[in-house]
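Coordinate inspection notes
Here are the chains, one letter per residue:
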Amino acid sequence: MKYTIKNARMLDDAIVDIEIANGVIANIGKEISAGEIVDAQKSLVIPGLVDLHTHLREPGREDSETVATGSAAAAKGGFTAISAMANTFPVADTAGVVEQVFRLGQEAGLCDVFPIGAVTAGLEGKKLAELGAMANSKAQVRIFSDDGKCVSDPLLMRRALEYVKTFNGIIAQHAQEPALTVGSQMNEGLVSSKLGLTGWPAVAEEAIIARDILLAEHVGSRLHICHLTTAGGVDLVRFAKSRGINVTAEVTPHHLLLTDELVSNYDPVFKVNPPLRTEKDVMALRKGLADGTIDIVGTDHAPHPTEDKDCEWQSAAFGMVGLETALSVVVKAMIETELMSWETLVERMSIAPAKIAGYAKHGQIVAKGSPANLAIIDTSATWIVDRNTLASKSKNTPFAGMTMPAQVRHTFLNGDLVLKNGQIVSKMNGGSN
Amino acid sequence: MEKHLLSINDLSASEAIQILNTASELSKISDGPMKKLPTLRGRTVVNLFFEDSTRTRISFESAAKRLSADVINFSAKGSSVSKGESLKDTAQTLQAMGADAVVIRHGASGAAQRLADSGWISASVINAGDGTHEHPTQALLDAYTIRSKFPDLKDNFNGLKVAIVGDILHSRVARSNVLLLSKLGAKITLVAPPTLIPVGVTDWDVDVSYDLDSAILNADVVMMLRIQSERMAASFFPSEREYSRGYGLDLARLNSLKDSTIVMHPGPMNRGLEISAESADSHKSVVLAQVSNGVLVRMAVLYQLLGGAALTGEVGA
Ligand SMILES: [Zn+2]
């Protein structure tokens, strides 16, 4: 299938036509009219977004999300690559499970789905999972994480960091010292004290970050810190980078925009792990993302069925969906505040995550010969988040009712149009050749 | 206070005083020959208790019955709740039963607010203790008890010195009392080992002391909180003996109090731990008055929330 994107706006504001053929950008120029025409109407064309932190729930919790529905949500959000976290049922700790998730992603065909493997068998933190088998499987896993749980045993963490060096793997740590967070419900601070909810102190995150930075330095391995949420954590990563330690860090869209004050009405839609922090933390995270201390945005898209949120705070599940709002939230937090340019947004949401994970066909600048993984964004549009129109199977968005800037119009995956005018193009209808 | 009483924050100082005044009126009526008022006849009050608390349930039940309301006790124990029925399903059941007010006790902080905000139920919601958050009627009955012992206090508690002693971190009684008593103008000192003081206390309108002996010297009110032995297991303090030595109200400390000082405890007491038998039974102790005032104050809250017929008319009746 051939396409021409007419009147696409490049990051340098040039208006061009982009010809797509055989999965790559065949030509960029003026007055091109090959194949199916998609009129961008001067919307911005950028490389498709890449998420290194997605919970797709399949296998095991298909009531909250499947690889297919999560892929649709990703395409709607302008993502062309997502990374499925390992905390499924069964856990993605064997070649069999990661190959299954990879295959389901291929079958859905809306987004490249790269499985993340568990670090420890069953996420139990006791012994290493079959890291090599997952790396050598068809899924070619390179990122390993027990996300949802912390690899808290320092010796096991050291071994994991060392072991994955043979295939240039990376350990993505959910930094949460379990002993400091028993029964934790929200950020520990002024609000938790008032609400009588058990606190999740910043130090529980920072203590693990500090430890793992030093371990990564000691064994010379790659460490990725998932969802940084505290000002102190940003300082620690900044320190590590100044020492030349091979650490990368991630922040979620919701931690860039929301604070723990929102918990005051006990609405579990704001319950998330790690928890929403304070205004001061939000400002430090924004600064860290702008100056590159934080390398990437990761959605931590975490779908939960209605009944897991329609209850008292303490019984509710942790997590928020985020694929469909990620871009707009980052624009609101970083671009509307003039902390970051669109070029930097593309770096943090596409180029850098693809490079960290080694997703060769993603995160390439829009140029002749690059893989046609693209998102086309109406940067001047505004829209209101409506939980009922989400493509995700779960509706637990904390942004419902909020007016958002920037809207994804079209998404191309490996040369195929998978999102057209904001609507998913089903493979059956000939979006693919 | 519009429709619900979920937190002391739902009340202005004058609304709180109005509840205390209503309770005073009710006490005059209750002292007379007519124990039962027809005010809430035909109205249904549900006691929805997800946590065991016979004391609090009986207090609310007596209050509702004295106002002639129909009372339904819905206890988590032995009901579908203990088999995992959700708060939502329970609420919808109560809605179908036509509850006018739901008195909820729940182990989860914020459960009362969730019930009120969720749209599951149209009844007034009264928080009878939610997790480690609040217990607003306890604070109101404590304020009522304080006012009855210090007759100079009328529309505010300006100048009153209150020491609240014990497990502040986990105490819903402490949170509600801090909010209410500071709203009324009292000066509050929290006394506890640092492990049992919330980190966010810097934001509260209180002083903090780790020294019980000096903190109670000038106090008008010493409010002792129940300490649970499970806190010791979690290393909030080393041993019961050490806690008792540092933060228990023993005879020596009782004797150091001013003549006019009163000793309060929300109950149930751990005699010999946070309070000695001598202190609990001394003439300074108002623990039994707290219990009897509880019924009056809860009558006043139900009366005001459910908009019962004017009291004055009934007094004359
Ligand atoms: Zn996580």
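Since we're looking at a predicted model, the values are computed, not measured.

Conventions adopted
Residues numbered from 1 in each chain as written. Chains lettered and ligands numbered in written order. Predicted model: local features only at pLDDT ≥ 70, side-chain atom pairs only at ≥ 80, totals over all residues. Heavy atoms only, no water. Contact = heavy atoms within 4.5 Å. Buried area = accessible area lost by both parts, 1.4 Å probe. Salt bridge = Lys/Arg side-chain N within 4 Å of Asp/Glu carboxyl O. 1 Å grid on protein atoms, 1.4 Å probe; cavity = no way out; pocket = protein on both sides within 12 Å on 5 of 7 lines; lining within 4 Å. Points joined across faces, edges and corners; volume = space filled by probe spheres on them. Nonpolar A, V, L, I, M, F, W, Y, C, P; charged D, E, K, R; others polar. Donors = N, O, S within 2.8 Å, 3.2 Å for Na, K, Ca; no water. Helix = DSSP H or I, 4+ residues; strand = E, 2+ residues; numbered from the N terminus. Buried < 20%, exposed > 50% of the residue type's maximum accessible area, 1.4 Å probe, protein only. UniProt positions renumbered as here; feature names shortened; annotations may be inferred. Pairing = 2+ DSSP bridges. Domains from an automatic or database assignment. Axes fitted to C-alpha atoms, helices over the stretch in contact; angles between N-to-C directions. Polar contact = N/O pair within 3.5 Å; in protein donor to acceptor, adjacent residues only side chain to side chain. Core = buried A, V, L, I, M, F, W, Y, C linked by side-chain atoms within 4.5 Å. Phe/Tyr/Trp six-rings, centres within 6.5 Å; stacked < 30°, edge-to-face > 60°. Lys NZ or Arg CZ within 6 Å of the ring centre and 35° of its normal.

**Some details on the interface of chain B and chain A**
Often, the extent of an interface is quoted as the loss of accessible area on bringing the components together. Taken residue by residue, the interface counts 22 residues in chain B and 19 residues in chain A. Summed over both sides, the interface between chain B and chain A buries roughly 1,500 Å², with carbon and sulfur atoms accounting for 52% of that surface. A per-residue breakdown of the area chain B buries against chain A is headed by Ser109, Arg114 and Val199 of chain B, which together make up 33% of the total. Joining chain B to chain A, the criterion identifies one salt bridge. Put simply, Lys88 of chain B and Asp310 of chain A hold a salt bridge, and the shortest N to O gap is 2.5 Å.

**Digging into empty space enclosed by the protein**
Residue and element names in this part refer to chain A. All chains considered together, the criterion is met by three cavities of 30 Å³ or more. Put simply, the largest cavity is a space of about 40 Å³. As for the largest cavity, its lining consists of His301, Val321, Gly322, Leu323, Glu324, Thr325, Leu390, Ser392 and Thr397. Looking at the lining of the largest cavity residue by residue, the classes come out as three nonpolar, five polar and one charged.

**A closer look at the coordination of the zinc ion**
Residues and elements named next belong to chain A. Here the zinc ion is held by the protein donor atoms Asp147 (OD), His174 (ND1) and His227 (NE2), which lie 1.9 to 2.2 Å from it. Read in sequence order, the donor residues for the zinc ion give the motif D-x26-H-x52-H. Remark: His227 occurs in the loop between strand S13 (223-225) and helix H7 (231-242) and His174 occurs in the loop between strand S10 (170-173) and strand S11 (186-187); sequence separation between them is 53 residues. This pair shows no difference in class: His174 is buried, exactly as His227 is.

**A word on the UniProt feature "domain: Aspartate/ornithine carbamoyltransferase Asp/Orn-binding" (unreviewed entry) in chain B**
Residues annotated by UniProt as "domain: Aspartate/ornithine carbamoyltransferase Asp/Orn-binding" (unreviewed entry) correspond here to residues 158-304 of chain B. Helix and strand shares over residues 158-304 of chain B are 40% and 14% respectively, and the end C-alpha atoms of the span are 25 Å apart.

**Re the pattern of salt bridges**
When the charged atoms of two side chains with opposite charge come close together, those side chains can pair. Taken as a whole, this structure holds 27 salt bridges over all chains when the rule is applied. Across the pair Lys187 of chain B and Asp207 of chain B runs a salt bridge, and its minimum N-O distance is 2.7 Å. Placement of the pair is Lys187 of chain B in strand S6 (residues 187-191) and Asp207 of chain B in strand S7 (residues 207-209), with a sequence separation of 20 residues. By relative accessible area, Lys187 of chain B is classed as partly exposed at 45%. For Asp207 of chain B, a relative accessible area of 37% corresponds to the partly exposed category. Three or more residues joined by partner-sharing salt bridges are found here, namely Arg61, Asp63 and Asp308 of chain A.

**Digging into the sheet that holds strand S7 (residues 79-84) of chain A**
Backbone-to-backbone hydrogen bonds pair the strands of a sheet. The strands run either parallel or antiparallel. All names here are of chain A. Across the sheet, three strands lie side by side as S6-S7-S8; this open sheet has parallel pairing. Since the sheet does not close on itself, it has two edges, and those belong to strand S6 (49-50) and strand S8 (112-115), each with one partner. Note: S6 against S7, two bridges, orientation parallel. What sits directly across from Leu49, in S7, is Phe79.

**Some points on the domain arrangement of chain B**
Residue and element names in this part refer to chain B. Examined at the domain level, chain B breaks down into domain 1 (8-135 + 294-315) and domain 2 (137-290). Here the C-alpha centroids of domain 1 and domain 2 sit 26 Å apart. On the side of domain 2, 27 residues touch domain 1, which itself brings 31 residues to the contact. Carbon and sulfur atoms supply 61% of the area buried between domain 1 and domain 2, which totals about 2,300 Å² over both sides.

**Describing the layout of surface pockets**
For the largest pocket, the calculated volume is near 930 Å³. Around the largest pocket, the lining comprises 36 residues; the ones closest to its centre are Thr198 and Gly199 of chain A together with Leu169, His170 and Phe236 of chain B. Grouping the constituent residues of the lining of the largest pocket by class yields 13 nonpolar, 17 polar and six charged.

**What about the sheet that holds strand S8 (residues 221-224) of chain B?**
All names here are of chain B. As summarised here, the arrangement of the five strands in space is S7-S6-S5-S8-S9, forming an open sheet in which the pairing is parallel. This sheet does not close on itself; its edge strands, each paired only once, are S7 and strand S9 (262-264). Each neighbouring strand pair of the sheet contributes to a mean axis angle of 20°, computed without reference to strand direction. The sheet strands contacting helix H5 (residues 136-149) are S8 and S9, and the helix crosses S9 at an angle near 165°. Its contacts with the sheet place helix H6 (residues 172-183) against strand S5 (161-165), S6 and S8, and it is angled at close to 160° to S6.

**Quick notes on the side chain of Ser7 of chain B**
Residue and element names in this part refer to chain B. Tracing the backbone shows Ser7 in the segment before helix H1 (13-31). Accessibility expressed as a relative area gives 8% for Ser7, which makes it buried. Side-chain polar atoms of Ser7 contact the backbone nitrogen of Asn9, separated by 2.9 Å.

**A short note on the pairing of strand S16 (residues 374-384) of chain A**
Note: strand S5 (residues 44-47) of chain A against S16 of chain A, four bridges, orientation antiparallel. Bridging across to S16 of chain A, Val45 of chain A finds its partner in Ile376 of chain A.

**Considerations on the nonpolar core**
Nonpolar side chains in soluble globular proteins tend to be buried together. Counting residues in hydrophobic clusters, the biggest one holds 98 residues, and the most contacted among them are Phe144, Leu228, Leu327, Trp342, Leu345 and Met349 of chain A. Broken down by element, the residue count for this core peaks at eight residues, all from helix H10 (residues 326-335) of chain A. The residues contacting Leu345 of chain A, other than those within four sequence positions of it, are Leu327, Val330, Val331, Ile335, Met340 and Ser350 of chain A. Grouped together as the second largest cluster of nonpolar side chains are 87 residues, Ala64, Leu160, Ala186 and Leu306 of chain B included.

**Some points on the environment of Thr278 of chain A**
Residues and elements named next belong to chain A. Topologically, Thr278 is positioned in the loop between helix H8 (253-257) and helix H9 (279-291). Distance in space between the C-alpha atoms of Thr278 and Asp260 is 5.8 Å, their sequence separation being 18 residues. Discounting chain neighbours no more than four positions away, the residues touching Thr278 are Asn187, Thr259 and Asp260. A polar contact is formed between the side chain of Thr278 and the side chain of Asp281, at a distance of 2.8 Å.

**Comments concerning the packing of aromatic side chains**
Enumeration over the complete set of coordinates arrives at five aromatic pairs over all chains. The interplanar angle of 80° and the centroid separation of 5.1 Å between the aromatic rings of Tyr3 of chain A and Phe412 of chain A together place this pair among those described as edge-to-face. Placement of Tyr3 of chain A in strand S1 (residues 3-9) and of Phe412 of chain A in strand S17 (residues 403-413) is noted, with a sequence separation of 409 residues between them. Classification of Tyr3 of chain A by relative accessible area gives buried; the value is 1%. Between Tyr243 of chain B and Tyr247 of chain B the ring centres are 5.7 Å apart and the planes differ by 35°, which places this aromatic pair in the tilted class. Taken as a pair, Tyr243 of chain B and Tyr247 of chain B lie in helix H9 (residues 240-247) at a separation of four residues, close to a single helical turn. A single burial state applies to Tyr243 of chain B and to Tyr247 of chain B, both of which are buried. Three or more aromatic residues joined by ring pairs make a cluster, and in this case those are Phe237, Tyr243 and Tyr247 of chain B. Across from the ring centre of Phe318 of chain A, 4.6 Å away, lies the NZ or CZ of Lys271 of chain A, which sits over that ring. For the cation-ring pair, Arg277 of chain A lies above Trp200 of chain A, with the distance from its terminal atom to the ring centre recorded as 4.6 Å.

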